[in-house]
Amino acid sequence: MAKPPNIDGILITWGDRLFYPGNRVVKVSPPPKLSGDAARTRAAVIRKRIEATVVRRAPQVMVKVTGGGRGMKAIAAHFRYISKNGRLEIEDQRGETMQGKDSLHDVADEWRFGGSLIPDDAEPGHRREAFNVMLSMPRGTDPLSVQRAAREFAQAELVDHKYVMVLHDHQANPHVHISVRAESRYGKRLNPRKADLQRWRETFAEKLRGHGIEAEATRQATRGRMQNYDPLWRLKAREDGRLRTTRPGSKSNAAARATRAQAVQAWMHVGRALAMYGDAEDRKLAGAIATFVREMPIIQAAAPQKGAPEVAPQHQPVPIDIGPHR
């Protein structure tokens, strides 16, 4: 009788593709293997993320770069905006808090001269001297927990950079604005890319969970979503009537379709393993995965044939029945 496959191994293999796609796959022979305890620990972490995503439907964190100043006038204007012209308390990288217009002037002077000089005005095309970051959670999340998690996020991800942060809890979604000086005290410049933003989301979610807040940072593809978010410059251009081009509201290029299809395939492998070789709790989790996949927007918006998700031409459709095969 054939030995059933190792569920922990399947969870690690396919769970990594769902939740940690940035991990590099190093092709060596023989392939490295985790020890028994390490494999069980890794599989347990992935199982928790699966449960949070498909069973509890944990809130997704939002971390995005909303812009950034190229000159000190623009940077100081953002200080005034996030602090409501000094009325809200701001906190810097040292943990010091301050309030009032005079404090904003002091921070601006510290940034202007604390490193390479930041001129008042910048020439067109000049590099950004600051980045504006917003960390947000859905309505109902405790604002102070969001603030604490944002503080710990900044201490971990923006080390050696000057930054100020302000909590906004007067709107529907509690969120924290962070303005960070691009140049660190060692001269290294911040230049956040897509992979950095995903890592920032992971870090923020981890810090929130440390304060007892249910939070996840699952990729859109893993959740079967395909929304195109407009960058700040497009939003502002649309408001001012200057936007001359439009773009689709969803990601529909071949690469995006392939990524979503691969995510659905990974869910299928995990669900089938749990359904066919797991215990009662595993089979229950497999059922939750099947429901989650059926409810994915890409499945709902798929072609008329039932159960065929949108996929790139080079990929075969993945069935959504993940129950055990008799």
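Just so you know, these numbers come straight off a predicted model, no measurement behind them. (Residues numbered from 1 in each chain as written. Predicted model: local features only at pLDDT ≥ 70, side-chain atom pairs only at ≥ 80, totals over all residues. Heavy atoms only, no water.)

With that out of the way, let us pick up the overall build of the chain. Of regular secondary structure, the chain possesses 10 helices and six strands. For the chain, contacts bridging at least 24 residues in sequence account for 71% of all contacts bridging at least 6. Total accessible area on the chain stands at roughly 18,300 Å², and carbon and sulfur atoms take up 51% of it. (Helix = DSSP H or I, 4+ residues; strand = E, 2+ residues; numbered from the N terminus. Contact = heavy atoms within 4.5 Å. Areas by Shrake-Rupley, 256 points an atom, 1.4 Å probe, with all protein chains shown as cover.)

Attention shifts here to the pairing of strand β4 (residues 130–136). Consecutive side chains along a regular strand alternate between the two faces of the sheet. Across the seven residues that make up β4, a large majority, seven, are buried. Burial along β4 is two-sided: A130, N132, M134 and S136 and F131, V133 and L135, pointing in opposite directions, are all buried. As paired strands, strand β1 (residues 62–67) and β4 are joined by five bridges and run antiparallel to one another. Following the sheet pairing, V65 is matched in β4 by V133. (Buried < 20%, exposed > 50% of the residue type's maximum accessible area, 1.4 Å probe, protein only. Pairing = 2+ DSSP bridges.)

Attention now goes to the pattern of salt bridges. Under the definition given, this model contains 22 salt bridges. The residue R57 makes a salt bridge to E295 at a minimum N-O spacing of 3.2 Å. With a gap of 238 residues between them, R57 in the loop between α2 (36–55) and β1 and E295 in the loop between α9 (280–294) and α10 (297–300) connect regions that are remote in the sequence. Here R57 falls in the partly exposed class, since its relative accessible area comes to 39%. For E295, a relative accessible area of 43% translates into the label partly exposed. A salt bridge links R199 to D196; the shortest N-O distance between them is 3.0 Å. In this pair, R199 and D196 both sit in helix α6 (residues 194–210), three residues apart, roughly one turn of the helix. (Salt bridge = Lys/Arg side-chain N within 4 Å of Asp/Glu carboxyl O.)

Compared with the 21 Å implied by 1.5 Å per residue over 15 residues, the 21 Å span of α9 between its first and last C-alpha is a close match. The complete set of buried residues in α9 reads D282, L285, A286, A288, I289, A290, F292 and V293. The backbone nitrogen of E281 has a side-chain oxygen 3.2 Å away, supplied by the residue at the start of α9, namely D279. (Expected span 1.5 Å × (residues − 1). Polar contact = N/O pair within 3.5 Å; in protein donor to acceptor, adjacent residues only side chain to side chain.)

Taking burial as the measure, the seven residues of strand β6 (residues 175–181) include seven buried ones, the bulk of the element. Both faces of β6 are covered, namely the face carrying H175, H177, S179 and R181 and the face carrying V176, I178 and V180. Strand direction decides the pairing type here: β4 and β6, joined by seven bridges, are antiparallel. Along β6, the bridge assignment pairs V133 with I178. The sheet contact formed by strand β5 (residues 163–168) and β6 spans six bridges and is antiparallel. When the bridges of β6 are listed, V164 appears paired with S179.

Our next topic: the sheet that holds β6. Pairing in this open sheet of six strands is antiparallel, and the strands run β1-β4-β6-β5-β2-β3 from one edge to the other. Either end of the sheet is taken by a strand with one partner, and the two such strands are β1 and β3 (97–98). Sheet analysis places strand β2 (residues 90–92) next to β5, joined by two bridges and oriented antiparallel. Across the sheet, D92 pairs through a bridge with V164, a residue of β5. Sheet contacts for helix α4 (residues 101–113): β2, β3, β4, β5 and β6; angle to β6, the most-contacted strand, approximately 40°. Packing against the sheet, α6 makes contact with β1 and β4, and its axis sits at approximately 135° to β1. (Axes fitted to C-alpha atoms, helices over the stretch in contact; angles between N-to-C directions.)

Attention shifts here to the packing of aromatic side chains. For the coordinates displayed, the defined rule picks out four aromatic pairs. It is R17 that lies over the ring of W14; its NZ or CZ is 4.2 Å from the centre. Sitting over the face of the ring of Y20, R42 holds its NZ or CZ atom 4.4 Å from the ring centroid. (Phe/Tyr/Trp six-rings, centres within 6.5 Å; stacked < 30°, edge-to-face > 60°. Lys NZ or Arg CZ within 6 Å of the ring centre and 35° of its normal.)

This part takes up the confidence of the model for the chain. Scored by pLDDT, the chain comes out at a mean of 85, with 80% of its residues at no less than 70. Scored below 50 in pLDDT, residues 308–320 shows 39 contacts in the model against residues more than four places distant or in partner chains. (pLDDT = per-residue confidence, 0-100.)

This paragraph deals with the nonpolar core. Core analysis: the largest hydrophobic core is formed by 30 residues, its most contacted members being I50, V54, W267, I289 and V293. Where this core is concerned, the elements lending two or more residues are α1 (7–19), α2, α8 (254–277) and α9. Those residues within four positions of V54 in sequence are excluded, and the remaining contacts are W267, L285, A288, I289 and F292. By size, the runner-up hydrophobic cluster in this structure holds 27 residues, among which are V146, A149, A154 and V176. (Core = buried A, V, L, I, M, F, W, Y, C linked by side-chain atoms within 4.5 Å.)

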